[in-house]
Amino acid sequence: MNGPSTRYRSPALHGCVVAALFLLHFVLPDYHEGNLARIMVLAVFAMGYNVLFGYTGLLSLGHALFFAAGMYGLGLPMHLFGATPAPAFLAGIASALIVSAVIGFLALRTSGVAFMIVTLMFAQAGFLTILLFGEYTRGDEGFVIQQAARSIAGIDLTDPGNRYFAALMLFSVCFVFMAWLVETPFGRCLVAIRENEERAQLLGYDVLKHKLVAVIISGTMSGASGAAYALLFGYAGATFASVQYSIYPLLWVLLGGAGTTIGPLAGTIFMFYLIDLSSGVTSAYLLLAGLALVLLTLFAPQGLAGEMKRRMLPWLP
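Since this is a predicted model, take the numbers as computed values, not measurements. (Residues numbered from 1 in each chain as written. Predicted model: local features only at pLDDT ≥ 70, side-chain atom pairs only at ≥ 80, totals over all residues. Heavy atoms only, no water.)

1. Brief notes about unusual backbone geometry
Most of the time, phi is negative for any residue but glycine, and the peptide bond is trans. Put simply, the rule is: Numbered from the N terminus, helices here are DSSP runs of H or I no shorter than four residues, and strands are runs of E no shorter than two. For every residue, the accessible area obtained with a 1.4 Å probe (protein chains only) is divided by the maximum for its type, and the residue is called buried under 20%, exposed over 50%, and partly exposed between those limits.
Here the phi dihedral of R138 falls at roughly 65 degrees; this positive angle occurs in a residue that is not glycine. Mapped onto the fold, R138 is located in the loop between helix 6 (134-137) and strand 1 (143-144). Since its relative accessible area comes to 36%, R138 is described here as partly exposed. Backbone geometry places A153, a non-glycine residue, at a positive phi of 55 degrees. Looking at where A153 falls in the secondary structure, it is placed in the loop between strand 2 (151-152) and strand 3 (155-156).

2. What to know about the environment of G70
Convention followed: Contacts were defined at the residue level, with two residues in contact if any of their heavy atoms lie within 4.5 Å.
Note on placement: G70 falls in helix 3 (residues 63-81). Owing to a relative accessible area of 0%, G70 belongs among the buried residues under this scheme. With 158 residues separating them in the primary sequence, G70 and A228 have C-alpha atoms 8.2 Å apart. Ignoring anything within four residues of it in the chain, the contact list for G70 reads G92, A96, G223, G226 and A227.

3. Structural notes on the packing of aromatic side chains
To be explicit about the condition: For Phe, Tyr and Trp, rings pair up if their centres lie within 6.5 Å, where Trp contributes its six-membered ring, and each pair is then called stacked (planes under 30 degrees apart), edge-to-face (over 60) or tilted (otherwise). Look at NZ for Lys and CZ for Arg. If either is within 6 Å of the ring centre and within 35 degrees of the ring normal, a charge sits over the ring.
Summed over all chains, the structure comprises 20 aromatic pairs. Plain terms: the ring middles of Y72 and F143 are 6.1 Å apart, the flat faces sit at 70 degrees to each other, and that makes the pair edge-to-face. With a gap of 71 residues between them, Y72 in helix 3 and F143 in strand 1 connect regions that are remote in the sequence. Here F143 falls in the buried class, since its relative accessible area comes to 2%. Judged by centre distance (5.2 Å) and plane angle (55 degrees), the rings of Y229 and F240 are tilted. One end of the pair, Y229, is in helix 10 (residues 207-233); the other, F240, is in the loop between strand 4 (235-236) and helix 11 (244-256), with 11 residues separating them in the sequence. Neither residue differs from the other here; Y229 and F240 are each classed as buried. In this structure an aromatic cluster arises from ring pairing among F45, F67, Y229, F233, Y235, F240, Y245, Y248 and W252. Over the aromatic face of F233 sits the side chain of R38, whose NZ or CZ is 4.2 Å from the ring centroid.

4. Quick notes on the pattern of salt bridges
Just so we agree on the cut-off: A pairing counts as a salt bridge when a side-chain nitrogen of Lys or Arg comes within 4 Å of a carboxyl oxygen of Asp or Glu.
As enumerated under the stated definition, the model contains 5 salt bridges in all. Measuring nitrogen to oxygen at the nearest pair gives 3.0 Å for the salt bridge that ties K211 to E197. Here E197 lies in helix 9 (residues 197-202) and K211 lies in helix 10, a separation of 14 residues in the sequence. Looking at K211, the relative accessible area reads 8%, which means it is buried. Residue classification places E197 among the partly exposed residues on the basis of a relative accessible area of 29%.

5. A look at helix 4 (residues 85-107)
Applicable threshold: Residue count minus one, scaled by 1.5 Å, sets the expected span of a helix.
Here helix 4 spans 32 Å end to end across 23 residues, near enough to the 33 Å set by a 1.5 Å rise per residue. Listing the buried residues of helix 4 in full gives P85, A88, G92, A96, S100, I103, G104 and A107. The secondary structure elements touched by the buried residues of helix 4 are helix 3, helix 5 (112-132), strand 2 and helix 10.

6. Concerning the packing of helix 3 against helix 10
Put simply, the test is: Only the stretch in contact is used when a helix axis is fitted, and all axes are lines through C-alpha atoms; the angle between N-to-C directions ranges over 0 to 180 degrees. Orientation labels follow simple angle bins: below 35 degrees gives roughly parallel, above 145 gives roughly antiparallel, 65 to 115 gives roughly perpendicular, and whatever is left gives oblique. By convention, the crossing between two helices is left-handed when the near helix turns anticlockwise from the far helix through less than a right angle, and right-handed when the turn is clockwise. Under the scheme applied, nonpolar residues are Ala, Val, Leu, Ile, Met, Phe, Trp, Tyr, Cys and Pro; charged residues are Asp, Glu, Lys and Arg; polar residues are all the others, including Gly.
Here helix 3 crosses helix 10 at 45 degrees, and the two axes come no closer than 7 Å. Overall, the two elements helix 3 and helix 10 adopt an arrangement that is oblique. Where helix 3 crosses over helix 10, the two elements pack in a sense that is right-handed. Taken together, the residues of helix 10 that come into contact with helix 3 (itself represented by H63, F66, F67, G70, M71, L74 and M78) are S218, G219, S222, G223, S225, G226, A227, Y229, A230 and L231. For the contact of helix 3 with helix 10, the class distribution of residues is 9 nonpolar, 8 polar and no charged.

7. Things to note about the side chain of E307
If you trace the backbone, E307 turns up in helix 14 (residues 304-311). When near neighbours in sequence (up to four residues on either side) are disregarded, E307 contacts A300, P301, Q302 and M312.

And the structure:
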């Protein structure tokens, strides 16, 4: 069991991360401030993926579907019907919740590699549906959400400062939620399922129910990220429903440290700036990025935060 001193380390760590992100707004140049706002939104996507992969042990290749469900759940009502951002954002979250519940109910009839393939197929079906209804979704071209429409309670979300704090608010809520979730009996049961599903079942836990709830939480968080991305950056397109946006959160979580609350943020920052910096050096930036990823995988197989947890901070949640 965790001692009293260990019990307070996790809240202190999460509080310091949020405080550091808040203070960075006042010291970062405009370019990096914009990057960090984007990173925080994408880190929520990675957090959602981490619930399923890092804590429950389910490898999904279909999370682009949940991200896109949130993105189009917000974007289409605003683009087609002139909906205001607040109810549209709730619609995006609701869309992701419903989609994840349906996909979870169907996909969890399988396990292992079959689960991975089924989630990939569902995501591809979602991608093709977006293309099929291109009259409304604009397909690969996508559509822009007008700047005049992107404000809540008089707060202009196209302003870089307001956008940063909106991204920070979403990130902080999800980050603190994850810190709480992993310490609950439900979160500990997910870890037990990841480590030994049969033993968890023998102990009397309803494994299927826990997995389904994990899929719903994971998909809803990913959808919230997609809705926020569309609202804050003003664009929705089919690219965000493609296979690569199912691979990205897997990479972010693996690089940052699966099964750690801080790993998704660390992995997203690392991957984002790895590509950003290498693209400024050569047009073959993906080769450099791939080489760095291979080296990190070889020498830090548990990811950045995972290695910290293994070597120095065993209490890291």
